[in-house]
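# Structural overview
Okay, here's what each chain looks like letter by letter:
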Amino acid sequence: MFLREEGHEGGVWSAIGTPVARRCCRSHPWQGPGNWCPVRGWGWCFLISDSPDLTPDRAGVGDSMTVGMATGWGSLLQDEQQLEELARQAVDRALAEGVLLRTSQAPSSSHVVSYAPFTLFPSRVPSALLEQAYAVQADFNLLVDAVSQNAVFLEQTLSSTIKRDSFTARLFDIHKQVLKEGIAQTVFLGLNRSDYMFQCNPDGTTALKQIEINTISASFGGLASRTPAVHRHVLSVLGKTKEAAKILSNNPSKGLAMGIAKAWELYGSANAQVLLIAQEKERNIFDQRAIENELLARNIHVIRRRFEDVSEKGSLDQDRRLFMDGQEVAVVYFRDGYMPGHYSLQNWEARLLLERSCAVKCPDIATQLAGTKKVQQELSRAGVLESLLPGQPEAVARLRATFAGLYSLDLGEEGDQAITKAIAAPSCFVLKPQREGGGNNLYGEEMVQALERLRDSEERASYILMEKIEPEPFRNCLLRPGSPAQVIQCISELGIFGVYVREGKTLVMNKHVGHLLRTKAIEHADGGVAAGVAVLDNPYPV
């Protein structure tokens, strides 16, 4: 079995566990299994054979596998003239397919748009890890739903965080107020995306490790539904029809809309609408429109409004039914409200009004809190999953297999030990605040400086510490508007979209509905597509 090894400049292929392998990726003598490559300096020493195979066999099953995370497009990446022509065709196809963003110069207008950045070629992903990510998504849906219903767990978990993090504290205040008044909604909807990287272990195996789970405004389900056709086109232009056929069909926007439609149906008012909360300056509007269009095809109407509009024209009747511009609202779908900068005092009042209503919120405030980094860290403690999902040992095992090391920074011995460990080995950890949207995490020397400053402060409780996931880099060509095509070393992040709907205590829907692959240059530690760092991609299963 031959596997493309990513970290080199040429077209050499790794042959894992075969007697014919003689050298490593930089043509120095192989150092043996589990030894650091002395030439490239950033990865483990891999066996190499001279026999290439453009479509390698699947490289194992289970939670980890032996595989070179490869693109397999080595010779194509070296032909500059061919890359330029392919890039032109790929961009035209992306525009034709609707892989679009508004421009940064005019984020409120669709008069001038551009293509969303993407990779020229699909990136290889181990089939077993892709299957594992899909298989565990229903478990994560159950877990998020369980956490959102456990007010005691949320209060205990976030007690130290809300003392020092004003944004989380404000969300929690609304949560408490809704609990005190009584939760009016009876139907609950979760549209989640669980994000992973492929950890490259010292023994050459790879493992699926979760970065985070997004419980509010999980984006790019719409554009991810349109990118497979682009990569199929590129491979077809090259005459690689068999490879093109391996690009997975993917339609998260249809699945996300299906969840919203089910919640709308259970709300039980045929004339009620879906209220989509969005920003006025929204570059990613076409991603959102994909879901709106799916709903309209089901004869479910969507109205787009800002928090400010809700504050001015939203109201509740005596039964706490929500009305917007005189129209009843069945479902509130948030594509805004996940960062402190999204809220003015007026916007906080609008959020409270929405939460007090009997409309289905996606997410409701408890589910948004369930997606915080502090909750993620607490879920990794021994026995916590078992208490939240009693009698489900198989689900617990599947969930725990994806966890990276997570550490509390609360004041006390446990937090002190975590800080000491991170300062001693800063390349092995990431410092995470309770924020969404990308670009918030701290790494390396910047992390060390922050930990030194926070060491004796209660403010440290507003962060968690996470083991840094180390995927194997590979080469691909990134296409961005206004920039030349770049062949660079990359890493990828896989997201799986999940949908669940609960009526009262009865779960009526729980499924995965598609995937999102994002790829970025290895020098970028943090940030997604919306942050201008990552680009859209498709998995090429191997």
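Residues numbered from 1 in each chain as written. Predicted model: local features only at pLDDT ≥ 70, side-chain atom pairs only at ≥ 80, totals over all residues. Heavy atoms only, no water.

### So, the overall build of the chain
The following threshold applies: Helix and strand definitions follow DSSP, with helices as H or I runs of at least four residues and strands as E runs of at least two, each counted in order from the N terminus. Exposure is judged per residue with a 1.4 Å probe applied to protein chains only, and the accessible area is read against the type maximum: over 50% gives exposed, under 20% gives buried, and values in between give partly exposed. Contact criterion: two residues are considered in contact whenever any of their non-hydrogen atoms come within 4.5 Å of each other. Only the protein chains shown count as cover for residues, and all accessible areas are computed by the Shrake-Rupley method using a 1.4 Å probe.
When helices and strands are tallied, the chain shows 18 helices and 24 strands. Within the chain, the proportion of its 542 residues that are buried is 58%. Residue pairs in contact within the chain that sit at least 24 positions apart in sequence constitute 73% of those at least 6 positions apart. Entry remark: accessible area of the chain is about 21100 Å², with carbon and sulfur atoms responsible for 49%.

### A short note on the side chain of arginine 320
Formally: Polar contacts, as counted here, are pairs of nitrogen or oxygen atoms within 3.5 Å of one another; within protein the pair requires one atom able to donate a hydrogen and one able to accept it, and residues that are adjacent in sequence qualify only if both atoms are side-chain atoms.
Residue position: arginine 320 is located in the loop between β13 (314-316) and β14 (322-324). A polar atom in the side chain of arginine 320 sits 3.2 Å from the backbone oxygen of arginine 356. The contacts of arginine 320, once residues within four sequence positions are left out, are Glu181, Gly182, Ala184, Arg356, Ser357 and Cys358.

### Considering the pairing of strand β20 (residues 474-479)
Residues in a regular strand project their side chains so that they alternate between the two faces of the sheet. The condition that has to hold: Criterion used throughout: strands pair if DSSP finds at least two bridges between them.
Of all the six residues making up β20, six are buried; the element is thus mostly covered by neighbouring parts of the structure. Across the two faces of β20 the burial is the same, with Phe474, Asn476 and Leu478 and Arg475, Cys477 and Leu479 all buried. Sheet topology note: the strand β7 (residues 118-119)/β20 ladder contains two bridges and is antiparallel. Within β20, the residue paired with phenylalanine 118 across the bridge is leucine 479. Examined bridge by bridge, β20 and strand β21 (residues 486-503) share five bridges and lie antiparallel to one another. Following the sheet pairing, leucine 478 is matched in β21 by glutamine 486.

### Quick notes on unusual backbone geometry
The step from cysteine 362 to proline 363 runs through a cis peptide bond, and the omega angle for that step is 0 degrees. Within the secondary structure layout, proline 363 lies in the loop between β16 (360-362) and α13 (365-370). A positive phi angle is found at phenylalanine 220, which is not glycine, with a value near 75 degrees. By the secondary structure assignment, phenylalanine 220 is in the loop between β10 (205-214) and α6 (221-224). Phi is positive for asparagine 299, which is not a glycine, with a value near 65 degrees.

### Some remarks on the pattern of salt bridges
A side chain of one charge can pair with a side chain of the opposite charge when the charged atoms of the two come close. Let me state the cut-off plainly: Take a side-chain nitrogen of Lys or Arg and a carboxyl oxygen of Asp or Glu: if they are within 4 Å of each other, that pair is a salt bridge.
Enumeration over the complete set of coordinates arrives at 28 salt bridges. Here arginine 381 and glutamate 378 are joined by a salt bridge, their closest N and O atoms 2.9 Å apart. What makes arginine 381 partly exposed here is its relative accessible area of 28%. With relative accessibility at 17%, the residue glutamate 378 sits in the buried group. Where glutamate 414 meets arginine 381, a salt bridge forms, and the shortest distance between an N and an O atom there is 3.1 Å. With a gap of 33 residues between them, glutamate 414 in helix α17 (residues 413-424) and arginine 381 in the loop between α14 (373-379) and α15 (384-388) connect regions that are remote in the sequence. With relative accessibility at 41%, the residue glutamate 414 sits in the partly exposed group. One connected set of salt bridges, linked through shared partners, spans Arg193, Asp195, Glu493 and Arg518.

### A word on the environment of valine 178
Along the chain, valine 178 turns up in helix α5 (residues 166-181). The buried category is assigned to valine 178, whose relative accessible area is 7%. Between the alpha carbons of valine 178 and serine 357 there is a distance of 9.4 Å; along the sequence they are 179 residues apart. For valine 178, the residues in contact, after removing those within four places along its chain, are Ile183, Glu355 and Arg356.

### A few points about the nonpolar core
Note that soluble globular proteins tend to have their nonpolar side chains buried in a common cluster. Definition in use: What we call a nonpolar core is a set of buried Ala, Val, Leu, Ile, Met, Phe, Trp, Tyr and Cys residues that are connected through their side-chain atoms within 4.5 Å.
Grouped together as the largest cluster of nonpolar side chains are 61 residues, with contacts concentrated most on Phe121 and Leu189. Once residues lying within four places of it in the same chain are set aside, the contact partners of phenylalanine 121 are Trp73, Leu76, Leu77, Leu83, Leu86, His231, Val234, Leu235, Leu238, Asn476 and Asp537. Counting 59 residues, the second-largest nonpolar core is a separate cluster that includes Leu158, Leu275, Val310 and Tyr343.

### Some words on the confidence of the model for the chain
Here is the rule we go by: pLDDT is defined as a per-residue confidence score from the predictor, taking values between 0 and 100.
Overall, the predicted model of the chain reaches an average pLDDT of 87, with 85% of residues at or above 70. Predicted confidence for residues 1-71 stays below pLDDT 50, and this span has 203 contacts to residues more than four positions away or in other chains.

### Quick notes on the packing of aromatic side chains
Applicable threshold: Aromatic pairing here means that ring centres of Phe, Tyr or Trp (its six-membered ring) are within 6.5 Å. Orientation follows from the plane angle: under 30 degrees is stacked, over 60 is edge-to-face, and everything else is tilted. Look at NZ for Lys and CZ for Arg. If either is within 6 Å of the ring centre and within 35 degrees of the ring normal, a charge sits over the ring.
Per the counting criterion, the structure on display carries eight aromatic pairs. Arranged with centres 5.8 Å apart and planes meeting at 75 degrees, the rings of tyrosine 115 and phenylalanine 118 form a pair that is edge-to-face. In this structure tyrosine 115 comes out as buried when scored by relative accessible area, which is 11%. The class of phenylalanine 118 is buried, set by a relative accessible area of 2%. Note on phenylalanine 167 and tryptophan 348: the rings are 5.9 Å apart at their centroids and 50 degrees apart in plane angle, and the pair reads as tilted. Taken together, the residues phenylalanine 167 in helix α5 and tryptophan 348 in helix α12 (residues 345-356) connect sequence positions 181 residues apart. Ring pairs connect the aromatic residues Phe167, Phe307, Phe334, Tyr343 and Trp348, which therefore count as one cluster. Over the ring of phenylalanine 334 we find arginine 351; its NZ or CZ atom is 4.4 Å from the centre of that ring.

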